[in-house]
Structures are given as C-alpha cells and as structure tokens.
Amino acid sequence: MSGPEMFEVIRVIGNNVVLVHGGGMKKFEYVILGKGIGFGTKVGGTIASDDHRIEKLFKLEDQEQLNEYRLLEEFDPKVLEITDDILNSISKEFPGKLNDKVYLALPSHIQFTIYRIRKGMDIINPFLEETKISFPREYEIALKAADMIGQAFGIEVPEDEVGFLTYHVYSAVSHVPVGQLVKASNMVGRLIDIIERERGTAFESGSMDHVRLLMHLRFSVDRILNHSVNVDNPFADQIKSQFTSEYKLASRLAKEMEQELGRTVPEAEVCFLAMHLYRLFRGRTQNK
C-alpha cells in the first residue's frame, strides 16, 4: 500500500503559503495554503499530502497563476489571518467548494480597504441598497467580516464597504467573478433610470415596487450574462399585442442590455419583462 504523496518545497511564500512540486516526476506545481505551513519550512524540504496543516491545495496551470499567488508575499500576515477566518465563516454558511480566486482576491481587497480607511479616503458604494436586497445572506456574513476587520486593525469599516465585501462573499460561493457582479449592478441601475425617465415616475428606495423591479431586473441581467435564457414564452404574441407600451419599453431595455453586456436578449425575455412592467404599473395605478 503506497503512502501519502510527498511534495517538494520550491519556495516559501509566507508563513501560511508555500510553492511545491508534485504529481509524479515533479511535473506539476502547486500552491499549498495552511496556517503555519511555511513556518520553519526550507526550500528542498518535503510536505506530505496528509499533513494536517494543509487547508487548500491549488495546481498552477500557468505562469500567470504563479505570479498571482506570489502576490501573497506582499500581504500583511494579519490580513491573511483575517481572510482565513472570513472564509471559514463563509464555508459554515454555504457548504461546498469555494471559488479558488477568492483566496487571492479577498485579502487583496481587504488590504487595500484598510489602506483607504487609514488614509481617510472615501468609500462610496452606489450599489449598496441593491446589494443588500439581492444578497441578504451574503450581506450578513459581510457585516460580520467588517466587524472582524475593524477589531483586528482598530478601524471603523463603513457600510458602503460592507456592500463591496458582500460581492466577494457571493463570488466565493457562486463562482461568479466580482467584476461581473459589478457590471450587473451597474446595468440594473441604468435600467431603472430608463424606466423612471420613460414613465415619468420614481421608485422609493426600499419600497415593495422598487424591490420587486430590482429583483426582476437583476435576475434578467444574470440570466443574460450566464446564457441561461432557454425557454419559450407561450404568451409572447398576446403580450406584444395587448401590452404595446410595456413591450416597447421592454424592447428599449433589451437594446440597452445588448449594447452594454454584449449578449443577445431573447424575445422570450423581452416579453417576460414586458409582463412584469405591465403588472408593476397597473399595481401603481390602482394604489393611487
């Protein structure tokens, strides 16, 4: 019976990060993450695959990945420690494999946030309300993360920053890049602006109408970004003929999404959006 695989240490990146060879004939390079894994470890030494200190093991596919993980050398060790605590809290709330990129993206974000707060730089999040509504569970974890960061570094983390941390929490569990989340939020904001301008109305932030519209647009944008719109709308012809003004506005929104997202918006999605707009404005008229 063969024993555990032995990894040869190529480089000690930090107390919690080492670069190793492995995979037979040393043909693969891996990054090993684990509390204290690099402490006292020497280049040329070995680490067994069943070492209890190993928390994460990443196979590096190319030089770009290696350069990314070497950035961990530049992080404050306390930032890496807090990151580990935050990731543990995420794993408890959302069981399953986390997005590998979060192990670099989150500490990078936290370190820069600490720098900005200490320098007195404003942190403004135009997507805060939408983020709180769209990702409530992730937002709660981000609140706790902000408190952990604040206590560890003696700073006060503003609520706007909690919104940005929420993106990283959601990205960690959904494997959706943070950049895509920002793009989707920006798109939703633009669509609501268009609706308000076209209809000469305004939605009170946090109102039932605002929340329902926001969530519908968010799901619509996410479906388009992820190419997950693959159903027909059996009422398409009826919607186009009976809800002409709503269909026209939905088509205007679809054109905006296509230009901004670089994706085709299927006719079924346009009709679903038109139906939602009809229900939304009909309800607002009845409630007046």
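Above this text is the structure in question.
Residues take numbers from 1 onward in each chain, read along the sequence in its written order. The predicted origin of the model limits local features to residues at a pLDDT of at least 70 and limits the giving and counting of side-chain atom pairs to 80 or more, whereas totals for whole chains, interfaces and linings rest on all residues. Side-chain measures here rest on the full set of heavy atoms in the structure, leaving out hydrogens and waters.

Draft legend 1. Molecular detail of the packing of helix H2 (residues 77-93) against helix H3 (residues 102-118). Interaxial angle, 0 to 180 degrees, is taken between N-to-C directions of lines fitted to C-alpha atoms, where a helix line uses only the stretch in contact. Put simply, DSSP marks the helices as runs of H or I at least four residues long and the strands as runs of E at least two long, and each gets a number from the N terminus on. In contact at an axis separation of 9 Å, H2 and H3 are set at 125° when each is read in the N-to-C sense. Judged by the inter-axis angle, H2 sits oblique to H3. By crossing handedness, the relation of H2 to H3 is classed as right-handed. Side by side, H2 and H3 meet where Val 79, Leu 80, Thr 83, Ile 86 and Leu 87 of the first sit next to Val 102, Tyr 103, Leu 106, Pro 107, Ile 110, Gln 111 and Ile 114 of the second. Partitioning the contact of H2 with H3 into residue classes produces 10 nonpolar, two polar and no charged. Roughly parallel means an angle under 35 degrees; roughly antiparallel, over 145; roughly perpendicular, 65 to 115; everything else is oblique. Note on convention: near helix rotated counterclockwise from far helix by under a right angle means a left-handed crossing. Clockwise means right-handed. In this analysis, two residues are considered to be in contact whenever any of their non-hydrogen atoms come within 4.5 Å of each other. Asp, Glu, Lys and Arg are counted as charged, while Ala, Val, Leu, Ile, Met, Phe, Trp, Tyr, Cys and Pro are counted as nonpolar; the rest, among them Gly, fall into the polar class.

Draft legend 2. Fine view of the environment of Val 182. With respect to the helices and strands, the residue Val 182 is situated in helix H7 (residues 178-199). For the pair Val 182 and Thr 131, spaced 51 residues apart in the sequence, the C-alpha separation amounts to 9.9 Å. The contact partners of Val 182, leaving out residues within four places of it in the chain, are Phe 127 and Tyr 167.

Draft legend 3. Representation of helix H8 (residues 208-225) within the structure. One less than the number of residues in a helix, times 1.5 Å, gives the span that helix is expected to have. Taking 1.5 Å of rise per residue, 18 residues should cover 26 Å, and H8 covers 26 Å from first to last C-alpha, within 8% of that figure. Here the term buried applies to any residue with accessible area under 20% of the maximum for its type, exposed to any over 50%, and partly exposed to those in between, with areas from a 1.4 Å probe on protein chains only. Judged by how many residues are buried, H8 sits mostly within the fold: 13 of 18 residues are covered. Of the residues trailing H8, His 227 is marked for its positive phi of about 55°.

Draft legend 4. Spatial organisation of the pairing of strand E3 (residues 28-33). At least two DSSP bridges between two strands are required for those strands to pair. Judged from the six bridges that link them, strand E2 (residues 17-22) and E3 form a sheet pairing that is antiparallel. Note on E3: the bridge partner recorded for Gly 22 is Phe 28. Across five bridges, E3 lies against strand E5 (residues 56-60) in antiparallel orientation. Along E5, the bridge assignment pairs Tyr 30 with Lys 59.

Draft legend 5. Seen up close, the sheet that holds E2. What the five strands build is an open sheet, ordered E4-E1-E2-E3-E5; its pairing is antiparallel. Strand pairing shows two members of the sheet lacking a second neighbour, strand E4 (46-48) and E5, which therefore form its edges. This sheet shows a mean twist of 40° between the axes of neighbouring strands, independent of strand direction. Pairing of strand E1 (residues 6-14) with E2 involves five bridges; the strand directions are antiparallel. Within E2, the residue paired with Val 9 across the bridge is Val 20.

Draft legend 6. Representation of the pattern of salt bridges. Counted as salt bridges are all cases of a side-chain nitrogen of Lys or Arg within 4 Å of a carboxyl oxygen of Asp or Glu. The tally for this structure, following the rule as stated, stands at 14 salt bridges. Put simply, Asp 100 and Lys 97 hold a salt bridge, and the shortest N to O gap is 2.6 Å. Relative accessible area serves as the criterion here: at 59%, Lys 97 is assigned to the exposed category. Ionic pairing is found between Glu 256 and Arg 252, a salt bridge with its closest N-O pair at 3.1 Å.

Draft legend 7. Highlighting the packing of aromatic side chains. When two rings of Phe, Tyr or Trp (its six-membered ring) have centres within 6.5 Å they constitute a pair, described as stacked for plane angles under 30 degrees, edge-to-face for angles over 60, and tilted for the intermediate range. Across all of its chains, the model carries seven aromatic pairs by this definition. Here Phe 135 and Tyr 170 contribute two aromatic rings whose centre-to-centre distance is 4.3 Å and whose plane-to-plane angle is 35°, an arrangement assigned as tilted. Taken together, the positions of Phe 135 in the loop between helix H4 (128-134) and helix H5 (136-153) and Tyr 170 in helix H6 (residues 159-174) put the pair 35 residues apart, joining distant regions of the chain. Residue classification places Phe 135 among the buried positions, given a relative accessible area of 4%. The structure contains a cluster of three or more aromatic residues connected by ring pairs, namely Phe 7, Phe 28 and Tyr 30. Distance and angle both matter: a charge sits over a ring if NZ of Lys or CZ of Arg is within 6 Å of the ring centre and within 35 degrees of the ring normal. One Lys or Arg, Lys 78, reaches over the ring of Phe 153 and ends 5.4 Å from the middle of that ring. For Arg 199, the ring lying beneath its charged end belongs to Phe 281, and the centroid distance is 4.3 Å.

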